[in-house]
Every structure is written in C-alpha cells, then in structure tokens.
Amino acid sequence: MAQPIIEARGLARTYRNGGRAIEAVRGVDLTVEAGGIFGFLGPNGAGKTTTINMLCTLVKPTGGSARVAGFDVVAEPHQVRQKIGLVFQDPSLDERLTAWENLAFHAMLYGVPRPVWKKRAADLLDLVALTPRRDDLVRGFSGGMKRRLEIARGLLHRPDLLFLDEPTLGLDPQTRNLIWDYILGLQKEHGLTLFLTTHYMEEAEHCHRIGIMSQGRLIALDTPEALKQGVGHDTVTIGVDDPDAAAERISRTYGVAVRRDGDQLAFPVRDGAAFLPRLIAENGLAIRRVAVRRPTLEDVFLSLTGSAIREDSPDHFATIKASTRRGGRR
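What you see is a predicted model; the values in this text were computed from it and never measured.

Cut-off values and rules
- Residues numbered from 1 in each chain as written.
- Predicted model: local features only at pLDDT ≥ 70, side-chain atom pairs only at ≥ 80, totals over all residues.
- Heavy atoms only, no water.
- pLDDT = per-residue confidence, 0-100.
- Helix = DSSP H or I, 4+ residues; strand = E, 2+ residues; numbered from the N terminus.
- Contact = heavy atoms within 4.5 Å.
- Pairing = 2+ DSSP bridges.
- Buried < 20%, exposed > 50% of the residue type's maximum accessible area, 1.4 Å probe, protein only.
- Core = buried A, V, L, I, M, F, W, Y, C linked by side-chain atoms within 4.5 Å.
- Phe/Tyr/Trp six-rings, centres within 6.5 Å; stacked < 30°, edge-to-face > 60°.
- Lys NZ or Arg CZ within 6 Å of the ring centre and 35° of its normal.
- Expected span 1.5 Å × (residues − 1).
- Axes fitted to C-alpha atoms, helices over the stretch in contact; angles between N-to-C directions.
- Parallel < 35°, antiparallel > 145°, perpendicular 65-115°, else oblique.
- Left-handed = near helix turned anticlockwise from the far one by under 90°.
- Nonpolar A, V, L, I, M, F, W, Y, C, P; charged D, E, K, R; others polar.

Draft legend 1. Focus on the confidence of the model for the protein chain. The predicted model of the protein chain averages 87 in pLDDT, with 92% of residues at 70 or higher. Confidence scores differ between elements of the protein chain, with helix H12 (residues 318-325) showing the lowest mean pLDDT of 41 and strand E5 (residues 71-72) the highest of 98. Here residues 311-330 scores under 50 on pLDDT; set against residues more than four positions off or in separate chains, the count is 47 contacts.

Draft legend 2. Spatial organisation of the sheet that holds E5. Reading across from one edge, E2-E1-E4-E5 is the order of the four strands in this open sheet, with antiparallel pairing throughout. If you trace the sheet from one side to the other, it starts and ends with strand E2 (20-32) and E5, each paired once. Pairing analysis gives nine bridges linking strand E1 (residues 6-17) to E2, with the strands arranged antiparallel. Residue Glu7 lies in a different strand from E2, and its bridge partner there is Thr31.

Draft legend 3. Main features of helix H11 (residues 297-305). Considered for burial, the residues of H11 that qualify are Leu297, Glu298, Asp299, Val300, Phe301 and Thr305. Structurally, H11 contributes buried residues whose contacts are with strand E3 (37-41), helix H7 (201-204), strand E9 (209-214), strand E10 (217-222), helix H8 (224-231) and strand E14 (287-293). At the C-terminal side of H11, Gly306 shows a positive phi close to 80°.

Draft legend 4. Quick look at the nonpolar core. Among the nonpolar cores identified, the biggest contains 45 residues, and Leu149, Ile151, Leu164 and Ile210 are the most heavily contacted of them. Residues Ile6, Leu30, Met54 and Phe88 belong to the second largest nonpolar core, which totals 29 residues.

Draft legend 5. Looking closely at the packing of aromatic side chains. The final tally for this structure, using the stated rule, is seven aromatic pairs. With a centroid separation of 5.3 Å and an interplanar angle of 45°, the aromatic rings of Trp100 and Trp117 are classed as tilted. With a gap of 17 residues between them, Trp100 in helix H3 (residues 99-110) and Trp117 in helix H4 (residues 114-127) connect regions that are remote in the sequence. One aromatic cluster in this structure is built from Phe38, Phe40, Phe163 and Phe195. Here Arg13 stacks its cationic end above the ring of Tyr15, 4.5 Å away from the centre of that ring.

Draft legend 6. Examining helix H5 (residues 143-155) more closely. Under the 1.5 Å per step criterion, the end-to-end length of H5 is 19 Å for 13 residues, consistent within 8% with the ideal 18 Å. Every buried residue of H5 is listed here: Gly144, Met145, Lys146, Arg147, Arg148, Leu149, Glu150, Ile151, Ala152, Arg153, Gly154 and Leu155. The elements touched by buried residues of H5 are strand E6 (84-87), H3, H4, strand E7 (161-165) and helix H6 (173-190).

Draft legend 7. Molecular detail of the packing of H5 against H6. Taken N-terminus to C-terminus, the directions of H5 and H6 make an angle of 15°; their axes are 10 Å apart at the nearest point. As judged from the angle between their axes, H5 and H6 are roughly parallel. Taken as a pair, H5 and H6 cross one another with a handedness that is right-handed. Taking contact as the criterion, the partners of Gly144, Arg147, Arg148, Ile151 and Leu155 in H5 are, on H6, Thr175, Leu178, Ile179, Tyr182, Ile183 and Leu186. Taken together, the residues that form the contact of H5 with H6 break down as seven nonpolar, two polar and two charged.

Draft legend 8. Seen up close, the packing of H8 against H11. Across the interface, H8 lies against H11 with an axial gap of 9 Å and an inter-helix angle of 60°. As summarised for this structure, H8 and H11 are arranged oblique, according to the angle between their axes. Considering the relative orientation of H8 and H11, their crossing is left-handed. Counting all contacts with H8, which are made through Pro224, Leu227, Lys228 and Val231, the residues of H11 involved are Leu297, Asp299, Val300 and Ser303. Residue classes in the contact of H8 with H11 are distributed as five nonpolar, one polar and two charged.

Draft legend 9. Representation of the pairing of E10. Here E9 runs beside E10; their pairing, made up of five bridges, is antiparallel. Each bridged residue has a counterpart across the sheet, and for Met213 the counterpart in E10 is Leu218. Once E9 ends, the chain turns through two residues before running back antiparallel as E10, passing Gln215 with a positive phi of about 50°.

Encoded structure:
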C-alpha cells in the first residue's frame, strides 16, 4: 500500500498571548492519500491556517507529528519544501517581470538546472495557454491569466503536492471553469495531489475527500457524498396562503424547525419525496408551490460548524504570505 502523502498524528499548536495559552490546533489526526484532491474547509479561526502552516514547515508544532511526502515537517523541513508547491490566494507574481522571467526566478530559487527548467517552463506555459504572452509583463495580465501563471509556477519544480488557496476567488464564472479544467487535467494526467481551500461549495464537490475544521479540531473527514448522507435530511420548501398558521401546524405536528421567508416555509425532513404526500393528506394545506432539495455540502458545513462557509474570511494563507515577504519561505 502506498504511503500517504500527508500523515499527521495528534498535531497541535499552542500560542502564548501574554500569560495565556491559546490552542489554535488541538490534536489533529489527518491522512491524505497521494494522487487525489483533498479539500480543507472550516470557519474563520477554526485552525485551518495554522494546520496548513505546520504542514508547509512555516510553523513548528507544539505537539504531535506530521510527515509530508515521507519527510518529517520538523526534522526535514528542506526536503518537505522541495516536494510541495504553493499557489496563494492573492497574486504573488512579480508584475515588473514577464511571465517567462517569473518562471526563471522560481527555478533559480529551487535550484532547477537551466536546461531542465527551460523545457518545463515552455511546456507549462503551453499547458496553461500562455505561450503567446510569455514575454509580456505580468502587470498587463488579467486575474485569470495571473492565476494560470501561478499554477504553472507552482508546478515548475515538479512537486508531489500542490497547495491551492482559494484558486478561483474573485474570478468570473467562465474563468473559474477554465481554471478548474486546468486543475483537474493536471491532477488526472500527472497524478498530482492537490490540497485546496475554497468557499465555493460547488468546487468542493470536485474533491475526493474533505476535512472540516472547527475550534482547532478536525470534526469531519470523508468523501463529499458520505458527508452529505450524514446530514440525514432533505429540505422541503413550500409556498402557502397562510404561512403563520401553516408553520405553527407543521412545527407542532412533525416536531421540525420551520424557517419562514415571506409566504415560503422551509423545514428539514427525512426522505422529502415520501413526506410530501403525507403532509398534504394529513393537513389539507393550500400549497401553491413545492420543492425538495437534497443535502448539499453547504448544509454539511452549517450542521457541523454552525456557520455558513461564506462567513469565512478568505485569509487562509495569510501567514504563509507574510513569511514569504520576510524571506522565511525560500
């Protein structure tokens, strides 16, 4: 059996704030198999950033252990860094350089021999459809073009594991779909392991497995389908003439929490399609419209963390970027 590309056991990080100890990460056990797409989700302050920073060797654990690509993050940080790539949420390219010069600089930092990186850079620019713009200054690139160049840069030293922080945040839907075409194509063709954060739940559906953090702990780890099945209910939405009376009757009869939005009522039930005929037959409600929705990852997130994913501040890799600017990453 192949060795997991990420394996953490009891991973913990405690910060000191004056005389007070703050447990940012509390005993995380995490295994990520090689060759898949892993999504890491959680509300702001859940411990995602600290966990990722420990996996990327930017922060030392105060408890437990972690191995990335077979190397210990504390004892072998240099080897870990050679095996991972990072694509930041915000543009981190040098806009005073051309696309080609950005790749050349990255190759120099990683010690990739000139004949090797030049061939790789040409292939990667072709892959992300930027060959015609290779000699143009990055300052003139669109947001989507910058993101594609960052993905190419992150792959230049041939990492086994690529961290993607909100890879399509702020991009229009068409460009988002294009970026995902590249990401999925890369993962499939090269067997690359992707570790991503996103607040777009439709993007999280691409993941083979998802881990959800809350209050410093990993509270869920499974496939998207298994997580949705764990929610255990559908959401029934009906439009009625007398929503107040209908809400009171449904809540009292079936013991469910009813949310009202105008004349529309929504409530959770098991097997919504089977429940609707019963609702109509037993209550004689004048229902004007009806919809049944299966659980989504948004529902999973809300049920497990108590907050919506979009309440999460997009600052997952803030510490990584700050460390990079101080010269701590390279």
